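Spelled out from the first residue to the last, the chains are:
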Amino acid sequence: MWSGVDACLKCTLCITQCPVVSVNPDFPGPKALGPEWYRQKQRGGVATLPHVDDCTFCQLCEAACPVEVPIAHLIALHKAAATPPLRIRVRDGILARPHRAARWTRWAGTSRVMRKVGGISGKTSLPRPRRARWSPSSLGQPLGPCQGRVGLFVDCYSAGYDGEVVEQASQLLTLWGFNVTLMPQGSHCCGAAAYAAGKPQLAEREARETWSAMERFQDVDFLVTLNATCDATLRDEWPDYFGIEPPMPVVPFDEMALRAPQEFWNRLGRVSSSAEVRIMTHTTCRGQVARGDGHLGELAHRAGFHRVEPSDAPCCGAAGAYAFKIEHEDTAQQLVARLVEQSSHVRPQGIFTDSGTCALHIEQATQVKTRHPAYWLYRQYLEYQKGEAP
Ligand code: SF4
Ligand code: SF4
């Protein structure tokens, strides 16, 4: 993937697609921070440019580049060359290891003074854990014959903060006829947070540790991901930048859902109360880059919601740990403002999104319940069961 590194045509298409450029006039933009910085560095020129850390690593610039310059990855190298103050380096070292940071969930209640000292934003609250609350059999027997064995990739956010969504996704996959194994077991990270923070070497180390924790489960037919950023990292960064090739297809949860037995959708179709419920969908920026938009909308329609509106914000500003950092809090708020404005017109009763941190940030900004599609499908199925109860 580094082959296009010196191919920049100066066309500026990347700049037009960068969400941070659109809200932050101080941000030099992808062309200056990526390929131009790299060329100058090769000639022994400039060390680092100011505001390089304002890049969210959304990769929308890379998706726009006609000659496949790995712009965001160059910016990650650029960030790695910067030397922020010690307290910021300590904070970034913690946030780049979210699976370990999750052990210190008491931070969520940290005082304003301590947050300021630690460089933590006061505008996007740190997450509080949501534990699983369901019994394993609450959805009943599988709806059809066994469809194979899947590994459900338990990302660091879900493992640390959202046990509910792991349980909901696992139960739905079981209902659809899959044998589910949670992978990896224990607390790990795919490396996305470290790469976004400009720590590519740490990202590779985290990825290798995670992969070695999963290798013994290689007999699964699919590896199912819950978080679009992890999904894109496993499918793109792992093979292209770390040389790790999972032998089984990596499939996002919403694609697995679209393969659910027809009987599942027929049953959800009987939940008549959802037809008038207004829903918005927001596909995470990394999800848009990897697979385009529209999957969540299709899922919401199939689940019986007929009034569905896709988000028109390219990035909500959560971007992993980005919104939690004090120096990015205003940019993160400006990025989510488009969603806030849209939701004030649409007035949705719920928002589908495919990342835990995006859900947290969007819900805090819009005050609308924002959850993973597994939550909404699970909830809909419980509604169906309630309607069928004698
Ligand atoms: S990765 Fe995203 S935020 Fe960073 S320069 Fe590219 S488009 Fe802008
Ligand atoms: S889109 Fe690609 S070729 Fe065009 S300016 Fe950006 S990096 Fe250069």
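Residues numbered from 1 in each chain as written. Chains lettered and ligands numbered in written order. Predicted model: local features only at pLDDT ≥ 70, side-chain atom pairs only at ≥ 80, totals over all residues.

### Details of the site of ligand 1
Lining the immediate environment of ligand 1, one finds 14 residues, of which Cys18, Pro30, Cys55, Cys58 and Cys61 sit closest. Only helix 4 (60–64) and helix 5 (71–81) provide two or more residues apiece to the shell around ligand 1. (Near = placed C-beta within 6 Å. Helix = DSSP H or I, 4+ residues; strand = E, 2+ residues; numbered from the N terminus.)

### Section: the nonpolar core
Counting residues in each nonpolar core, the largest one holds 105 residues, and the members touching the most others are Leu152, Ala169, Leu173, Ala193, Val224 and Ala374. Built from parts of two domains, this core gets at least three residues from each of domain 1 (2–81) and domain 2 (264–388). The contacts of Leu173, once residues within four sequence positions are left out, are Val150, Leu152, Phe178, Val180, Val224 and Met256. (Core = buried A, V, L, I, M, F, W, Y, C linked by C-beta atoms within 7 Å. Buried ≥ 20, exposed ≤ 12 C-beta atoms within 10 Å, placed from the backbone. Domains from an automatic or database assignment. Contact = placed C-beta atoms within 7 Å.)

### Some words on the domain arrangement of the chain
When its domains are assigned, the chain resolves into domain 1 (2–81) and domain 2 (264–388). Distance between the C-alpha centres of domain 1 and domain 2: 29 Å. At the junction of the two partners, domain 1 supplies 11 residues and domain 2 supplies 11 residues. Among the elements of the structure, helix 2 (19–23) and helix 4 are those that each provide at least two residues to the side of domain 1 that touches domain 2. It is helix 2 that provides the largest number of residues to the side of domain 1 that touches domain 2, a total of three residues. For the side of domain 1 that touches domain 2, the per-class residue count stands at seven nonpolar, three polar and one charged. (Nonpolar A, V, L, I, M, F, W, Y, C, P; charged D, E, K, R; others polar.)

### Quick look at the confidence of the model for the chain
Confidence in the prediction of the chain, expressed as mean pLDDT, is 88, and 92% of residues score 70 or more. Predicted confidence in the chain is weakest over helix 8 (residues 112–118), with a mean pLDDT of 66, and strongest over helix 1 (residues 13–17), with 97. (pLDDT = per-residue confidence, 0-100.)

### What about the sheet that holds strand 8 (residues 370–371)?
Here we have four strands laid out as an open sheet, ordered 6-5-7-8, and parallel in their pairing. Across the chains shown, the open sheet's two edge strands, defined by having one partner strand only, are strand 6 (307–310) and strand 8. As paired strands, strand 7 (residues 350–353) and strand 8 are joined by two bridges and run parallel to one another. Residue Ile351 lies in a different strand from strand 8, and its bridge partner there is Thr370. (Pairing = 2+ DSSP bridges.)

### Observations regarding the packing of helix 10 (residues 163–175) against helix 20 (residues 373–388)
It is the contact of helix 10 with helix 20, at a shortest axis distance of 9 Å, that shows an interaxial angle of 60°. Between helix 10 and helix 20, the crossing angle belongs to the class labelled oblique. Considering how the two elements wind past one another, helix 10 and helix 20 form a crossing that is left-handed. Where helix 10 abuts helix 20, its residues Val165, Gln168, Ala169, Gln171 and Leu172 lie against Ala374, Tyr375, Leu377 and Tyr378. Classifying every residue of the contact of helix 10 with helix 20 by side-chain character gives seven nonpolar, two polar and no charged. (Axes fitted to C-alpha atoms, helices over the stretch in contact; angles between N-to-C directions. Parallel < 35°, antiparallel > 145°, perpendicular 65-115°, else oblique. Left-handed = near helix turned anticlockwise from the far one by under 90°.)

### As for the pairing of strand 5 (residues 278–282)
The buried count for strand 5 comes to four of five residues, which makes it a mostly enclosed element. Relative to strand 6, strand 5 is paired through four bridges, and the arrangement is parallel. If you follow Arg278 over to strand 6, its bridge partner there is Arg307. Bridge count between strand 5 and strand 7: four bridges; the pairing is parallel. Residue pairing in the sheet places His282 in a bridge with Thr353 of strand 7.

### Thoughts on the sheet that holds strand 3 (residues 222–225)
Ordered by their spatial adjacency, four strands build an open sheet running 2-1-3-4, and the pairing between neighbours is parallel. The open sheet is flanked by strand 2 (178–183) and strand 4 (250–252), the only strands paired with a single partner. Within the sheet, the average angular offset between the axes of one strand and its neighbour, ignoring direction, is 35°. Across four bridges, the pairing between strand 1 (residues 148–153) and strand 3 is parallel. Counted as the bridge partner of Val150 is Phe222 from strand 3. Seen against the sheet, helix 13 (residues 228–242) touches strand 1, strand 3 and strand 4 and runs at an angle of roughly 160° to strand 4.

### A word on unusual backbone geometry
Glycine aside, residues mostly have negative phi angles, and peptide bonds mostly take the trans form. Note the cis peptide between Met183 and Pro184, where omega equals -15°. Inspection of the secondary structure assignment puts Pro184 in the loop between strand 2 and helix 11 (192–196). We note that His51 has phi near 70°; this positive angle belongs to a residue other than glycine. With respect to the element layout, His51 can be found in the loop between helix 3 (30–42) and helix 4. In the Ramachandran plot, Phe57 falls in the positive-phi region, its phi being about 65° despite a non-glycine side chain. Mapped onto the elements of the fold, Phe57 is located in the loop between helix 3 and helix 4.

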